[in-house]
Amino acid sequence: MAEKNTFLLRIITPDRLFYEGQVEMVEFNTTEGEIGVLPGHIPLTVILKPGILNIYEPEAEKHAALHAGFAEILQDQVTILAEIIEWPSEIDQERASAAKARAEDRLRSKTPETDIARAETALQRAVARIELLK
């Protein structure tokens, strides 16, 4: 049985169970801002925004680049349904830098056909990947 100072964190993507374990805290970005979840948190459902997800296990910390999804927060567990999430070892630095440059170019040279929201999201994803590798 888990101790009172931990809760179950489950992160699921369309193609795998990315993470499952007992944690003391998890932090991630939502459309409303950054949130930190501790055991006993009030029930909440949030939309995730690209950024770094921080997992605090009793004996270690883990970090991943989270790109989009939803989170269900209950007092004794958090379930994250992630569109895409990556461990640092899964990220290609050159590809992330190229994606960042492309998104910045799209935003800089706006045309009526430019999908600004898509370019901003691509930039946020690339920045999360690059920041995670630092």
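Scroll up to find the structure.
Fair warning: this is a prediction, and the values are worked out from it, not measured in the lab.

**A word on the environment of glycine 21**
Mapped onto the fold, glycine 21 is located in strand β2 (residues 17–23). Since its relative accessible area comes to 16%, glycine 21 is described here as buried. Separated by ten residues in sequence, glycine 21 and isoleucine 11 have C-alpha atoms that sit 9.4 Å apart. Non-local contacts of glycine 21, meaning those with residues more than four positions away in its chain, are made with Phe7, Leu8 and Leu9.

**What about the layout of surface pockets?**
Looking at the largest pocket, its volume works out to about 210 Å³. Taken together, 13 residues make up the lining of the largest pocket; nearest its centre are Arg95, Ala96, Ala99, Arg102 and Arg129. Examining the composition of the lining of the largest pocket, we find that five residues originate from one element, helix α1 (residues 93–108), more than from any other. Residues of the lining of the largest pocket, tallied by class, amount to five nonpolar, no polar and eight charged.

**What about helix α2 (residues 116–133)?**
An α-helical segment advances 3.6 residues per turn. Residues three or four places apart therefore align on the same side. In this model, α2 (18 residues) spans 26 Å end to end at C-alpha, consistent with the 26 Å of a helix rising 1.5 Å per residue. Ala119, Leu123, Ala126, Ala128, Arg129, Ile130 and Leu132 are the residues of α2 that are buried. Those residues of α2 that are buried are in contact with β6 (51–56), β7 (61–73), β8 (77–86) and α1.

**Focus: a nonpolar patch on the surface**
Among the surface-exposed residues, Ile47, Phe70 and Leu81 lie close enough to one another that they form a single nonpolar patch of about 290 Å² accessible area. Secondary-structure assignment places isoleucine 47 in strand β5 (residues 44–48).

**Points about the packing of α1 against α2**
The contact between α1 and α2 brings their axes to 8 Å, and the two run at 150°. Comparing the axis directions of α1 and α2 gives the class roughly antiparallel. Classified by chirality, the crossing of α2 by α1 is left-handed. Contacts from Gln93, Ala96, Ser97, Ala99, Lys100, Ala103, Glu104, Arg106 and Leu107 in α1 reach Ile116, Ala119, Glu120, Ala122, Leu123, Ala126, Val127, Arg129, Ile130 and Leu133 in α2. In the contact of α1 with α2, the residues fall into twelve nonpolar, two polar and five charged.

**A short note on the packing of aromatic side chains**
Here the structure, examined in full by the defined rule, presents two aromatic pairs. Taking 4.3 Å as the distance between ring centres and 20° as the angle between the ring planes, the aromatic pair formed by phenylalanine 18 and tryptophan 87 counts as stacked. Here phenylalanine 18 is found in strand β2, whereas its partner tryptophan 87 is found in the loop between β8 and α1, with 69 residues between them in sequence. In terms of burial, phenylalanine 18 and tryptophan 87 fall into one category: buried. One aromatic cluster is present, built from ring pairs that chain together Phe18, Tyr19 and Trp87.

Reading the values: rules and limits
Residues numbered from 1 in each chain as written. Predicted model: local features only at pLDDT ≥ 70, side-chain atom pairs only at ≥ 80, totals over all residues. Heavy atoms only, no water. Helix = DSSP H or I, 4+ residues; strand = E, 2+ residues; numbered from the N terminus. Buried < 20%, exposed > 50% of the residue type's maximum accessible area, 1.4 Å probe, protein only. Contact = heavy atoms within 4.5 Å. 1 Å grid on protein atoms, 1.4 Å probe; cavity = no way out; pocket = protein on both sides within 12 Å on 5 of 7 lines; lining within 4 Å. Points joined across faces, edges and corners; volume = space filled by probe spheres on them. Nonpolar A, V, L, I, M, F, W, Y, C, P; charged D, E, K, R; others polar. Expected span 1.5 Å × (residues − 1). Patch = residues over 30% accessible without salt bridge, like charges linked within 9 Å, V, L, I, M, F, W, Y side chains within 5 Å. Areas by Shrake-Rupley, 256 points an atom, 1.4 Å probe, with all protein chains shown as cover. Salt bridge = Lys/Arg side-chain N within 4 Å of Asp/Glu carboxyl O. Axes fitted to C-alpha atoms, helices over the stretch in contact; angles between N-to-C directions. Parallel < 35°, antiparallel > 145°, perpendicular 65-115°, else oblique. Left-handed = near helix turned anticlockwise from the far one by under 90°. Phe/Tyr/Trp six-rings, centres within 6.5 Å; stacked < 30°, edge-to-face > 60°.

Purely geometric stuff here, so don't read any function into it on its own.
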